[in-house]
2 protein chains.
Amino acid sequence: MQNVFAPHDHANCTHSALTTVERACAERGLRLTPIRKRTLEILLEGHHALGAYDVLQKLSDDGLADKPPMAYRALNFLVEHGFAHRVERLNAYIACTHPDADHTPALWICLDCHKVAETVQAAELGQRLGQEGGFSINTLTIEAEGSCQQCRDESSND
Amino acid sequence: MQNVFAPHDHANCTHSALTTVERACAERGLRLTPIRKRTLEILLEGHHALGAYDVLQKLSDDGLADKPPMAYRALNFLVEHGFAHRVERLNAYIACTHPDADHTPALWICLDCHKVAETVQAAELGQRLGQEGGFSINTLTIEAEGSCQQCRDESSND
DNA sequence: CTATAAATGTTATGTTATAACATATCAATA
DNA sequence: TATTGATATGTTATAACATAACATTTATAG
């Protein structure tokens, strides 16, 4: 697990994700317009999931967008191309931390610090589960809510 | 996979689930009030997920409830006690087909026939995934969207 | 330059969910 | 059996999330 729960060089997170996405867009002929790029940057500001209206507020602060469809379109663009993920349990969004990999992520939602981590090893697992019943998987959602190591360590120090 | 996608004796599905839930409530001192029981029956009418407002409409037809909180309370009761599941991807609910088992279900959503199936073998799997990063799982959501065997068989006969 | 596709701007509304508080019912026990 | 505390229901109001539909603008290929 690329551990977003633990202290880390977040500027590097942000920068490398942005660079990777920019390259991917160039390669794939996708347009990372100002609204889309700023939306990604907003999600990259932290590892907390943001709701569409949270993102909209920030876009509005920047004068880039001020109506719900604008935020949803940018978020949907990012999600469709794997640059962000929708967290179903939270009706919210996070930037992808593996934007280079074609993946079905598992999302780990800490109920204490509210950060959301992502791992990529879950895809083949779902495929395997589905095969049993002859189910052909189109998209797979795996989300866990619980507590991260860091928060458990801290609370045991009380 | 208890195959809800294939033709089956649905009256038996309904009856056995209801009986199991009634017994569980008796054993555990839970009150299966008219609204709650009717809500479960409504969900048991088919294997399609129903939104809270769909359920509310039916409760209203029966004169049992006519305000959103009433439907949400009944649904939340059923979900809390494992008698129904919320389908996050659909913002909707299904009756549990294994109400006797303490389980984390995986849900299989067919995009063609729109039925939703449930399997129980997924719990330890999530625990295993989470252990890797020291994450302690409280609740786990596993949902697949795709196509069931039956729908694929039918469409290949065209 | 122009045609076409893609993206953005805008209005309006649909859908899902809960906070907050009042009232009623149940179930244990004084 | 009256009291009481807990649980459930009734009600109002609104919060939170999301999209349909259509107009306008911008990018890009021919």
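The rules behind these values
Residues numbered from 1 in each chain as written. Chains lettered and ligands numbered in written order. Predicted model: local features only at pLDDT ≥ 70, side-chain atom pairs only at ≥ 80, totals over all residues. Heavy atoms only, no water. Helix = DSSP H or I, 4+ residues; strand = E, 2+ residues; numbered from the N terminus. Rg over C-alpha atoms; globule rule 2.2 N^0.38 Å. Buried < 20%, exposed > 50% of the residue type's maximum accessible area, 1.4 Å probe, protein only. Contact = heavy atoms within 4.5 Å. Areas by Shrake-Rupley, 256 points an atom, 1.4 Å probe, with all protein chains shown as cover. Near = heavy atom within 4 Å. Polar contact = N/O pair within 3.5 Å; in protein donor to acceptor, adjacent residues only side chain to side chain. Nonpolar A, V, L, I, M, F, W, Y, C, P; charged D, E, K, R; others polar. Least-squares fit on C-alpha atoms with pLDDT ≥ 70 in both. Axes fitted to C-alpha atoms, helices over the stretch in contact; angles between N-to-C directions. Parallel < 35°, antiparallel > 145°, perpendicular 65-115°, else oblique. Left-handed = near helix turned anticlockwise from the far one by under 90°. Buried area = accessible area lost by both parts, 1.4 Å probe. Salt bridge = Lys/Arg side-chain N within 4 Å of Asp/Glu carboxyl O.

*Asks:* Explanation requested: the overall build of chain A in the structure shown.
*Replies:* Regarding its fold elements, chain A presents six helices and five strands. Walking chain A from its N terminus toward its C terminus, one meets helices and strands in the order α-α-α-α-β-β-β-β-α-β-α. Over its C-alpha atoms chain A spans a radius of gyration of 16 Å, differing by no more than 12% from the 15 Å that the globule rule assigns to 158 residues. Across its three principal directions, the C-alpha atoms of chain A cover 50 × 45 × 25 Å. Evaluated residue by residue, chain A yields a buried proportion of 47% over its 158 residues. Taking the contacts inside chain A whose residues are at least 6 apart along the sequence as the reference set, 54% of them involve residues at least 24 apart. Carbon and sulfur atoms provide 47% of the accessible area of chain A, an area that totals close to 7,700 Å².

*Asks:* Looking at this structure, how should I read the protein's contact with DNA strand D?
*Replies:* Taken together, 18 residues are adjacent to DNA strand D, and Tyr53 and Arg86 of chain A together with Thr33, Met70 and Arg73 of chain B come closest. Near the protein, meaning within 4 Å, the atoms of DNA strand D are sugar or phosphate in a fraction of 53%, with bases accounting for the rest. At 2.6 Å from a phosphate oxygen of DNA strand D is found a side-chain nitrogen or oxygen belonging to threonine 33 of chain B. In the model, a phosphate oxygen of DNA strand D is placed 3.0 Å from a nitrogen or oxygen of the arginine 36 of chain B side chain. If you list the elements that add at least two residues to the surface near DNA strand D, you get helix 4 (68-80) of chain A together with helix 2 (34-44) and helix 4 (68-80) of chain B. No other element matches helix 4 of chain A, which puts four residues into the surface near DNA strand D. Class assignment of the residues belonging to the surface near DNA strand D gives a composition of nine nonpolar, two polar and seven charged.

*Asks:* Help me understand the relation of the copies chain A and chain B, please; the structure alone is not making it clear to me.
*Replies:* Relating the two copies of this chain is a rotation about some axis coupled with a shift parallel to it. Under the fitted operation, chain A is carried onto chain B by 0.1 Å of movement along the axis and a turn of 180 degrees, and the coordinates agree to an RMSD of 0.1 Å. Seen this way, the second copy is the image of the first under a two-fold rotation axis. For chain A, the residue whose C-alpha comes nearest the rotation axis is isoleucine 142 of chain A, separated from it by 2.3 Å.

*Asks:* Would you explain the packing of helix 1 (residues 10-28) of chain B against helix 2 of chain B in this entry?
*Replies:* A pair of packed helices is captured by two measures, namely the crossing angle of their axes and the spacing between those axes. All names here are of chain B. Contact geometry for helix 1 and helix 2: axes closest at 10 Å, N-to-C directions at 155 degrees. With respect to their mutual orientation, helix 1 and helix 2 come out roughly antiparallel. Remark: the crossing between helix 1 and helix 2 carries right-handed chirality. Side by side, helix 1 and helix 2 meet where His10, Thr14, Ala17, Leu18, Val21 and Glu22 of the first sit next to Lys37, Leu40, Glu41 and Leu44 of the second. Of the residues that constitute the contact of helix 1 with helix 2, the class distribution is five nonpolar, two polar and three charged.

*Asks:* What is the right way to look at the interface of chain A and chain B in this model?
*Replies:* When the parts of a complex come together, some accessible area is lost, and that lost area is often taken as the interface size. Each side of the interface is counted separately: chain A has 33 residues, and chain B has 33 residues. Between chain A and chain B lies a buried interface of about 2,900 Å² when both sides are counted; carbon and sulfur atoms form 58% of it. Per-residue buried area on chain A facing chain B is highest for Trp108, Leu129 and Phe135 of chain A; these three make up 22% of the total on that side. Linking chain A to chain B there are two salt bridges. Note that glutamate 88 of chain A is salt-bridged to arginine 89 of chain B, the shortest N-O span being 3.8 Å. For the pair chain A and chain B, the interface holds 16 residue pairs in polar contact (both at pLDDT 80 or more). For the side of chain A that touches chain B, the secondary structure elements donating two or more residues are strand 3 (106-110), helix 5 (123-131), strand 5 (136-147) and helix 6 (149-156) of chain A. The element contributing the most residues to the side of chain A that touches chain B is strand 5 of chain A, with 12 residues. Classifying every residue of the side of chain A that touches chain B gives 15 nonpolar, 12 polar and six charged.

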